[in-house]
Amino acid sequence: MSARILDGKAVAREIREELRGDVEKLTQQGVTPGLGVLLVGDDPASRSYVTAKEKACAEIGIYSEEVRLPATASRQEILDVVEGFNREPRIHGILVQLPLPDAAMEEEVIAAILPEKDVDGFHPSSIGKMMLGLPTFLPCTPHGILHLLKRSGISARGKHVVVVGRSNIVGRPLANLLSLKNELGNATVTLCHTGTPDIGAFTRQADIVVAAAGRPNTVTAEMVAEGAVVIDVGVNRVEDPTAPRGYRLVGDVDFNALREKVSAITPVPGGVGPMTIAMLLYNTVRSAEKHAGVQ
Ligand code: GUN
């Protein structure tokens, strides 16, 4: 059996089209949604993510404003940019691309973002509300995964979902959201990580496996049950002299082997990545609506 490929690119396009209409309405009311983007340093992957996000904004009429700082930028220089975006009425959402060159600064920088502009959903206040099931901005990758499952007709309700990877950006928020008692959650969740001695012992019992470890081949064919659903969050650059740029992108799972065994799987690229961007646009539009007093 060959698995159904979950086309995140197509689902994300659908969401962006819906948002385009919302942006049009807002703009007619005199409010153009605005996203402030801060990129620190010159990591090529971060640069390319930021470019993709800004392009997606422009395509649906969201205004975006980018500030770039060198990798040597001080804590105060970074905080000044965030404060500037906080005060700027044209900016409804703030995106500080992570990781920062100095990861030790991340906590303070994220905490400096006004929660009402925290469209990444990384502020401690947003995370606390998410965890309690209260309305807030949800982090884009976990939120994107929930919507990709929903729009693909796959319900997590009552299923055993095994998440591999405990990052603050993906693994832990996703595990939390899936455990909530609501339409997109109600799953039984297991969170595996580098401290788990035998990850396969858990993933083999999963109806849905989410690989978010940041390492190629973290999930292999013998680690999943026949007919499982596999969501691959990994974006890893591996050297490939035959590829135009000298590298190609692979996820965290052994895609070619898994697709013969599972019922559905996301590709890399074209799976979760476009959904992350769509949910960033979604949060930015919702923030602008709130600012404009739209219900
Ligand atoms: N780095 C990896 N994923 C993300 C994301 O969703 N938002 C930000 N700001 N940085 C990231």
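Note: the structure precedes this text.
Residues numbered from 1 in each chain as written. Predicted model: local features only at pLDDT ≥ 70, side-chain atom pairs only at ≥ 80, totals over all residues. Heavy atoms only, no water.

Caption draft 1: Structural view of the overall build of the protein. Of the regular secondary structure elements, the protein holds 10 helices and 11 strands. A globule of 295 residues ought to have a C-alpha radius of gyration of about 19 Å, and the protein, at 19 Å, matches this closely. Oriented by its inertia axes, the alpha-carbon framework of the protein measures out at about 50 × 45 × 35 Å. Buried residues in the protein amount to 51% of all 295 residues. Of the contacts made within the protein by residues no fewer than 6 positions apart, 70% connect residues no fewer than 24 positions apart. In the structure as shown, the protein presents an accessible area of about 13900 Å², 52% of it carried by carbon and sulfur atoms. In the protein, 31 side chains carry a positive charge and 35 a negative one; their mean positions are 5 Å apart. (Helix = DSSP H or I, 4+ residues; strand = E, 2+ residues; numbered from the N terminus. Rg over C-alpha atoms; globule rule 2.2 N^0.38 Å. Buried < 20%, exposed > 50% of the residue type's maximum accessible area, 1.4 Å probe, protein only. Contact = heavy atoms within 4.5 Å. Areas by Shrake-Rupley, 256 points an atom, 1.4 Å probe, with all protein chains shown as cover. Lys, Arg positive; Asp, Glu negative; His and termini not counted. Charge placed at Lys NZ, Arg CZ, Asp CG, Glu CD.)

Caption draft 2: Geometry of the site of the ligand. Taken together, Lys53, Leu95, Val96, Gln97, Leu98, Asp120 and Phe122 make up all the residues around the ligand. In the model, a nitrogen atom of the ligand is placed 3.3 Å from a nitrogen or oxygen of the Gln97 side chain. Within the backbone of Leu98, a nitrogen or oxygen atom sits 2.9 Å from a nitrogen atom of the ligand. Here the ligand loses 85% of its free accessible area of 280 Å² to cover by the protein chains. Classifying every residue of the shell around the ligand gives four nonpolar, one polar and two charged. (Near = heavy atom within 4 Å. Polar contact = N/O pair within 3.5 Å; in protein donor to acceptor, adjacent residues only side chain to side chain. Nonpolar A, V, L, I, M, F, W, Y, C, P; charged D, E, K, R; others polar.)

Caption draft 3: Region of the structure containing the packing of helix α2 (residues 44–60) against helix α10 (residues 272–292). Contact geometry of α2 with α10 gives a least axis separation of 10 Å together with a crossing angle of 55°. Considering the angle they form, α2 stands oblique to α10. Of the two elements, α2 crosses α10, and the hand of that crossing is right-handed. For the pair α2 and α10, the contacting residues are Ala52, Lys53, Ala56, Cys57 and Ile60 in the first and Ile277, Leu280 and Leu281 in the second. A class-by-class count of the residues in the contact of α2 with α10 yields seven nonpolar, no polar and one charged. (Axes fitted to C-alpha atoms, helices over the stretch in contact; angles between N-to-C directions. Parallel < 35°, antiparallel > 145°, perpendicular 65-115°, else oblique. Left-handed = near helix turned anticlockwise from the far one by under 90°.)

Caption draft 4: Focus on the packing of aromatic side chains. For the structure on display, the rule yields zero aromatic pairs. One cation-aromatic arrangement involves Arg286 over Tyr282; the distance from NZ or CZ to the ring centre is 4.7 Å. (Phe/Tyr/Trp six-rings, centres within 6.5 Å; stacked < 30°, edge-to-face > 60°. Lys NZ or Arg CZ within 6 Å of the ring centre and 35° of its normal.)

Caption draft 5: Inspection of the pattern of salt bridges at higher detail. If you walk through the whole model with that rule in mind, you get 13 salt bridges. Close ionic contact of Arg151 with Glu14 constitutes a salt bridge, the shortest N to O distance being 3.2 Å. Here Arg151 is found in helix α6 (residues 140–151), whereas its partner Glu14 is found in helix α1 (residues 8–28), with 137 residues between them in sequence. Looking at Arg151, the relative accessible area reads 34%, which means it is partly exposed. (Salt bridge = Lys/Arg side-chain N within 4 Å of Asp/Glu carboxyl O.)

Caption draft 6: The arrangement of the nonpolar core in detail. Residues Ile15, Leu35, Ile62 and Leu281 are the most contacted members of the largest nonpolar core, which totals 28 residues. When residues of this core are traced back to their parent elements, those giving at least two are α1, β2 (34–40), α2, α6 and α10. Broken down by element, this core gets its largest block of residues, eight residues, from α10. Among all residues touching Ile15, those that are not within four sequence positions of it are Arg151, Met275, Ala278 and Met279. Counting residues in hydrophobic clusters, the runner-up holds 24 residues, among them Met130, Ala187, Ala212 and Val272. (Core = buried A, V, L, I, M, F, W, Y, C linked by side-chain atoms within 4.5 Å.)

Caption draft 7: Highlighting α10. In a regular helix each residue adds 1.5 Å, so 21 residues correspond to 30 Å; α10 covers 30 Å between its end C-alpha atoms and thus fits that length. Of all 21 residues that make up α10, 15 are buried, and the element is covered over most of its length. Gly293 lies just past α10 and shows a positive phi near 80°. (Expected span 1.5 Å × (residues − 1).)

Caption draft 8: Quick look at the sheet that holds strand β4 (residues 93–96). Pairing is parallel in the open sheet, where three strands are placed in the order β3-β2-β4. With partners counted over all chains shown, the strands left at the sheet margins are β3 (63–69) and β4, one partner each. Recorded for the sheet is a direction-independent mean angle of 15° between the axes of neighbouring strands. Here helix α3 (residues 75–87) sits on the sheet in contact with β2, β3 and β4, set at roughly 175° to β2. (Pairing = 2+ DSSP bridges.)

Caption draft 9: Structural view of the sheet that holds strand β7 (residues 208–211). Strand order in the open sheet formed by six strands is β1-β11-β8-β7-β5-β6, and the pairing between neighbours is parallel. Of all the strands in the sheet, just β1 (4–5) and β6 (188–192) have a single pairing partner and so form its edges. Each of β5 (160–164), β6 and β7 touches helix α7 (residues 171–179); the most contacted strand, β6, lies at about 165° to it.

Caption draft 10: Spotlight on the environment of Lys25. Along the chain, the position of Lys25 falls in helix α1. When the C-alpha atoms of Lys25 and Val96 are compared, they prove to be 27 Å apart, with 71 residues separating the residues in sequence.

Caption draft 11: Broad picture of the state of the cysteines. Taken as a whole and judged by the stated rule, the model has zero disulfides. Of the cysteine sulfurs around Cys57, a residue in no disulfide, the closest is that of Cys140, at 11 Å. (Disulfide = S-S within 2.5 Å.)

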